[in-house]
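Close look at the chain arrangement
The lines below spell out each chain.
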Amino acid sequence: MVKRALVTGVTGQDGSYLAELLLAKGYEVHGVVRRASTFNTSRVDHLYVDPHEEDARFFLHYGDLTDGTRLATLLSKLHPDEVYNLGAQSHVRVSFDEPEHTGDATGMGTIRLLEAIRQVGLDCRYYQASSSEMFGATPPPQDESTPFYPRSPYGAAKVYAYWVTRNYREAYGMHATNGILFNHESPRRGETFVTRKVTRAVARIQAGLDDHVYLGNLDAVRDWGYAPEYVEGMWRMLQQDEPDDYVLATGVPCSVRDWVSTAFDHVGLDWEKYVRFDERYLRPTEVDALIGDAGKAERAVGWKTEVTPDQLVRIMVDADVKALEHEGRPWIDAVSLPSWPSAHLAS
Ligand code: NAP
Ligand code: GDD
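To start, this report covers the structure provided alongside it. On a predicted model such as this, the values are computed, not experimentally measured, just so you know.

Quick word on the environment of Met237
- Note that Met237 resides in helix α7 (residues 227–238).
- Note on Met237: relative accessible area 0%, which makes it buried.
- Between the C-alpha atom of Met237 and that of Arg280, which follows or precedes it by 43 residues, the distance is 38 Å.
- Contacts of Met237, omitting those with residues within four sequence positions, involve Tyr127, Thr177, Asn178, Gly179, Leu181, Tyr246, Leu248 and Val301.

With respect to the sheet that holds strand β1 (residues 4–8)
- Pairing is parallel across the open sheet formed by 7 strands, whose spatial order is β3-β2-β1-β4-β5-β6-β11. Two strands in the sheet have a free side with no partner beyond their single neighbour: β3 (58–62) and β11 (245–248). Along the sheet, successive strands turn relative to each other by an average axial angle of 20 degrees, direction set aside.
- Here strand β5 (residues 125–131) pairs with strand β6 (residues 175–181) via 7 bridges, running parallel. Along β6, the bridge assignment pairs Ser130 with Ile180.
- Contacts between helix α5 (residues 153–172) and the sheet are confined to β5, β6 and β11, with β6 contributing the most and set at about 150 degrees to the helix.
- Contacts from α7 reach β4 (82–85), β5, β6 and β11, with the element oriented near 155 degrees to β6.

A few points about the packing of aromatic side chains
- If you walk through the whole model with that rule in mind, you get 9 aromatic pairs.
- Their ring planes at 75 degrees and their centres at 5.1 Å tell us that Tyr230 and Trp303 sit as a pair that is edge-to-face. With Tyr230 in helix α7 and Trp303 in the loop between α9 (295–301) and α10 (309–325), the pair connects residues that are 73 residues apart, well separated along the chain. With respect to class, Tyr230 is no different from Trp303; both count as buried.
- An aromatic cluster is defined as three or more aromatic residues linked by ring pairs; in this entry it consists of Phe135, Phe148, Tyr162, Trp163 and Phe182.
- Sitting above the plane of the Trp235 ring, Lys25 keeps its charged end 3.9 Å from the centroid.
- Over the aromatic face of Tyr172 sits the side chain of Arg118, whose NZ or CZ is 4.4 Å from the ring centroid.

So, how was this worked out
- Residues numbered from 1 in each chain as written.
- Chains lettered and ligands numbered in written order.
- Predicted model: local features only at pLDDT ≥ 70, side-chain atom pairs only at ≥ 80, totals over all residues.
- Heavy atoms only, no water.
- Helix = DSSP H or I, 4+ residues; strand = E, 2+ residues; numbered from the N terminus.
- Buried < 20%, exposed > 50% of the residue type's maximum accessible area, 1.4 Å probe, protein only.
- Contact = heavy atoms within 4.5 Å.
- Pairing = 2+ DSSP bridges.
- Axes fitted to C-alpha atoms, helices over the stretch in contact; angles between N-to-C directions.
- Phe/Tyr/Trp six-rings, centres within 6.5 Å; stacked < 30°, edge-to-face > 60°.
- Lys NZ or Arg CZ within 6 Å of the ring centre and 35° of its normal.

Here it is, written out as C-alpha cells:
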C-alpha cells in the first residue's frame, strides 16, 4: 500500500524538503497551498508532475489554517496516513507586528487541524512543528524537560500549539507528536531570516550589486542546523509506535556575529566594512540564546546532525553566489524547469 501524507506549509523551506523526502520514500504527497495573487510554489515547482499522468504522486490543494471547514473537507477527501503541520506565520519579528494573525494561523490553526482530524474520525499520525522559540528566556541547554518561557507572540502561539497537540494525544489517544526543532537553515531559507539575509547580502556585495547590509542584534546565539537533516527527523518521529515529543538540534552554539564573520570570510571580505546597524531589526523582547540537547532523539529515533554551522554557512553562501547566476533559483540544479499551470492547483 502506498502511504499518503498531507503537508501544510508545503511551499515553505521545510515543506519543500519534506515533500522531496516523502516522494523519495514512495509516498503520495498532498500539499496545502494558500491562494495568492502571484505564484507562491517556487520551492516545489521542481516536484511537479502533470496530475493527469499515471505516475503522479504529488498534488497541491488550496487551503488555509485559518479555515477549519476546508481542512476537514481535505482530510475527509484524502484520508492521509500521516499529517505534517508545518504551516505557520513563522517570522518572530513579524509576529510583533501581526500578533493576532500569528495567533490565528500558528496557534489556532493547529487546533483547527487537530479537531478536523478528530471530527472526520481519521486514524492518522500527526506531526506538529513545534519550536525552540518556546524556550525563549529559559537559559540553555534546552531539552524536552526545559520549561517554556516564550518571548514573542509567535513563541506563545507555538506553546499553545504544542499543548493542544499533547492534549489531543492524551484526551483522544491520537498519534500526535511534537518535534521541537531548533533553527534550521538552507539555501531555501526565507530571505528575511538572518542566516539567509546575510548569505544573500554576501553574494550581492561580492558581485558589486550592494555595498552594505543592515542588521539588528549581533549578540544573539542560535543553534543552526541543516534543514534537510531536520525533515528526516520529522519523518522518523512519525515512524515510532508511540507518539512523543523530541528536540532536534546540533548542540553547537553560534552567535549572529560569528555567522556574519564566517560568511564574509568565505568570500574573502571583512564583514565590519559592510554591516550596518538598524534598530528596526531589534525585537521588543529578544531570545538571547538557544542551544539544544537532542540526546533523546538520537537514542529513540536514531537521529543526529552531521552538517556543522561552519559547513552550513559555506553551503548557503555558495548557493547564493550561484543563485545570482541563475536568477534566484539556488536550490535547483536543472536549468530548464517545468512550468506550473495554475489550473492544476484547483482541487
Ligand atoms: P516557512 O518557510 O516560513 O514556511 C511556512 C509555510 O507556512 C509556508 O508554506 C506558508 O505559505 C505556510 N503558511 C503560512 N500561513 C499559513 C496559513 N494561514 N495557512 C496555511 N499555510 C500557511 O517556515 P519553515 O522554516 O519551513 O518552518 C516550517 C514550520 O516549522 C513552521 O511552522 C515554523 O514555525 C516551524 N519551525 C521552523 C524552524 C526553522 O528554523 N525553520 C524551527 C522551528 C520550528 P506561503 O508560502 O504561502 O507563505
Ligand atoms: N531576521 C533577522 N533580521 N534577525 C536578525 C537580524 C535581522 O536583520 N539582525 C539580527 N537578528 C537576530 C534576531 O534578533 C535573532 O536573535 C536572530 O538573529 C535569529 O533571527 P531569525 O533568523 O529571524 O530567527 P529566529 O531565531 O527569530 O526564529 C527562527 O527560528 C525559530 C526556532 O528557534 C524562525 O525560523 C522561527 O520560525 C523558528 O521557530
